[in-house]
Amino acid sequence: MNGTRIAAVGHYQPAKVLTNKDLAGLVDTSDEWITSRVGIRTRHIAGPDEPVDELAAHAAAKALAAAGLTPGDIDLVLVATSTAIDRSPNMAARVANRLGIPSPAAMDINVVCAGFTHALATADHAVRAGAATRALVVGADKMSEVTDWSDRTTCVLVGDGAGAAVVEAADGPGIGPVLWGSVPEMGNAVRIEGTPPRFAQEGQSVYRWATTQLPPIARKACEKAGLTPADLAGVVLHQANLRIIEPLAEKIGAVNAVVARDVVQSGNTSAASIPLAFSKLVEQGAIRTGDPVLLFGFGGNLSYAGQVVRCP
């Protein structure tokens, strides 16, 4: 074995759906205002009795079942999240406990919206180095818990959910090399800070950065995998804003790819957005087993990470 692959994926969203019409009853906004600016129509919101690790465990259980594996087959659990309120135990340990995974290495990764692709790369490296046999990689966030619901510029954006992937050794590069980095001097453009913690961002700065600086970086991620953007069957970008996703996908040059637009139904779920959207495309049959798909996360900390994977 000289590579790794995603064996299976899974996702989970809370039952409660918040529409743009619902939001118009909370703040000065409208369906037209929201859809014209960010493209979002609905989002799922977790209740007070649905913590982040519960969302994560539901998605992880589905990925395990799809892979035909048991909790005992996993020896590394990575959870990408930025909405863990408690410092310890971490989300990964809590997810492992919920699923009954015995004695795994368990770590949280906080790179906000780029968290899942960072975690996926970390799992790839760990398995290829022989430090783990099979890894459970989860992106999960409860953005509703860190949102000011009286601020119409941010509350219309967010949703809650989780997505997961099982990573294992493979005879070939099922997960391509990661291309990652950040712009630390612009890190304050997206924030979750304060007491209680609240989400805030400089929307125009993020939009300009994402649509102008990220296309060549995403193309380099394809090059590292030995592909051109035209070879891609799917593109799953961080689901932040439809007005960012569509021009970014076009500038990458993935002319033959299905582009994930789950933001319309789910809003911005931060670290959950990429695995959530990817799992839905797999479930819908929009991409087929073996198809090359670009996963590209960006946003919080003005960090980014992307890699080409083969569809499970």
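Everything below is about the structure shown above.
Residues numbered from 1 in each chain as written. Predicted model: local features only at pLDDT ≥ 70, side-chain atom pairs only at ≥ 80, totals over all residues. Heavy atoms only, no water.

1. As for the overall build of the chain
Next, step 1: Within the chain, the secondary structure is distributed over ten helices and 14 strands.
Next, step 2: Taken over the C-alpha trace, the chain has a radius of gyration of 18 Å; the compact-globule value for 312 residues is 20 Å, and the two agree within 12%.
Next, step 3: Viewed in the frame of its principal axes, the chain has a C-alpha envelope of about 55 × 45 × 40 Å.
Next, step 4: Taken across its 312 residues, the chain has 58% of its residues classed as buried.
Next, step 5: For the chain, the proportion of contacts with a sequence separation of at least 24, taken over those separated by at least 6, is 76%.
Next, step 6: In the structure as shown, the chain presents an accessible area of about 12,300 Å², 49% of it carried by carbon and sulfur atoms.
Next, step 7: Counting 26 positive and 30 negative side-chain charges, the chain places the averaged centre of each group 4 Å from the other. (Helix = DSSP H or I, 4+ residues; strand = E, 2+ residues; numbered from the N terminus. Rg over C-alpha atoms; globule rule 2.2 N^0.38 Å. Buried < 20%, exposed > 50% of the residue type's maximum accessible area, 1.4 Å probe, protein only. Contact = heavy atoms within 4.5 Å. Areas by Shrake-Rupley, 256 points an atom, 1.4 Å probe, with all protein chains shown as cover. Lys, Arg positive; Asp, Glu negative; His and termini not counted. Charge placed at Lys NZ, Arg CZ, Asp CG, Glu CD.)

2. Details of the packing of aromatic side chains
Next, step 1: Using the criterion set out here, one finds one aromatic pair in the structure.
Next, step 2: Stacked on the ring of tryptophan 33, the Lys or Arg arginine 152 has its end atom at 4.4 Å from the ring centre.
Next, step 3: Against the face of tyrosine 207 rests arginine 243, its NZ or CZ located 5.2 Å from the ring centre. (Phe/Tyr/Trp six-rings, centres within 6.5 Å; stacked < 30°, edge-to-face > 60°. Lys NZ or Arg CZ within 6 Å of the ring centre and 35° of its normal.)

3. Here's the deal with the pattern of salt bridges
Next, step 1: Scanning the entire structure with this criterion turns up twelve salt bridges.
Next, step 2: Residue arginine 191 is joined to glutamate 202 by a salt bridge in which the shortest nitrogen-to-oxygen separation is 3.9 Å. Here the residue arginine 191 occupies a position in strand S9 (residues 190–193), and glutamate 202 occupies one in the loop between strand S10 (198–201) and helix H7 (203–224), the gap between them amounting to eleven residues.
Next, step 3: A relative accessible area of 23% means that arginine 191 is categorised as partly exposed.
Next, step 4: Taken together, the salt bridges that share partners define one network made up of Arg5, Arg134 and Glu168. (Salt bridge = Lys/Arg side-chain N within 4 Å of Asp/Glu carboxyl O.)

4. Side note on the environment of isoleucine 40
Next, step 1: Mapping isoleucine 40 onto the fold places it in the loop between helix H2 (31–37) and strand S3 (42–44).
Next, step 2: In this structure isoleucine 40 comes out as buried when scored by relative accessible area, which is 0%.
Next, step 3: Separated by 200 residues in sequence, isoleucine 40 and alanine 240 place their C-alpha atoms 9.3 Å apart.

5. Some words on the packing of helix H3 (residues 52–67) against helix H4 (residues 91–99)
Next, step 1: Their axes nearest at 9 Å, the elements H3 and H4 cross at an angle of 55 degrees. Considered as vectors, H3 and H4 are oriented oblique to each other. Viewed along their axes, H3 and H4 form a crossing whose handedness is right-handed. Along its contact with H3, which presents Val52, Asp53, Glu54, Ala56, Ala57, Ala60, Ala61 and Leu64, the element H4 presents Met91, Arg94, Val95, Arg98 and Leu99.
Next, step 2: For the contact of H3 with H4, the residue count by class is nine nonpolar, no polar and four charged. (Axes fitted to C-alpha atoms, helices over the stretch in contact; angles between N-to-C directions. Parallel < 35°, antiparallel > 145°, perpendicular 65-115°, else oblique. Left-handed = near helix turned anticlockwise from the far one by under 90°. Nonpolar A, V, L, I, M, F, W, Y, C, P; charged D, E, K, R; others polar.)

6. Some points on the sheet that holds strand S6 (residues 134–142)
Next, step 1: Taken in spatial order, the five strands make up an open sheet running S1-S7-S6-S4-S5, and their pairing is mixed. In the strand order of this sheet, the two ends are held by strand S1 (3–12) and strand S5 (105–109), each with one partner. Between one strand axis and the next, the sheet turns by 20 degrees as a mean value, whatever way the strands run.
Next, step 2: Sheet topology places strand S4 (residues 76–80) next to S5; five bridges connect them, and they run parallel. Paired with valine 79 across the two strands is aspartate 108, which belongs to S5. (Pairing = 2+ DSSP bridges.)

7. Points about the side chain of aspartate 262
Next, step 1: As for its position among the elements, aspartate 262 is in the loop between strand S12 (258–259) and helix H9 (263–266).
Next, step 2: The class for aspartate 262 is buried, based on a relative accessible area of 9%.
Next, step 3: Sequence-distant contacts of aspartate 262, that is, excluding residues within four places in its chain, are made with Gln239, Gly267, Leu276, Ala277 and Lys280.

8. Let's talk about the packing of H7 against helix H8 (residues 242–252)
Next, step 1: Put simply, H7 and H8 touch, their axes get as near as 9 Å, and they point 35 degrees apart. The chirality of how H7 crosses H8 is right-handed. Contact with H7, carried on its side by Tyr207, Ala210, Thr211, Leu214, Pro215, Ala218 and Arg219, involves Arg243, Ile244, Pro247, Leu248, Lys251 and Ile252 of H8 and no other residues of that element.
Next, step 2: Class assignment of the residues belonging to the contact of H7 with H8 gives a composition of nine nonpolar, one polar and three charged.

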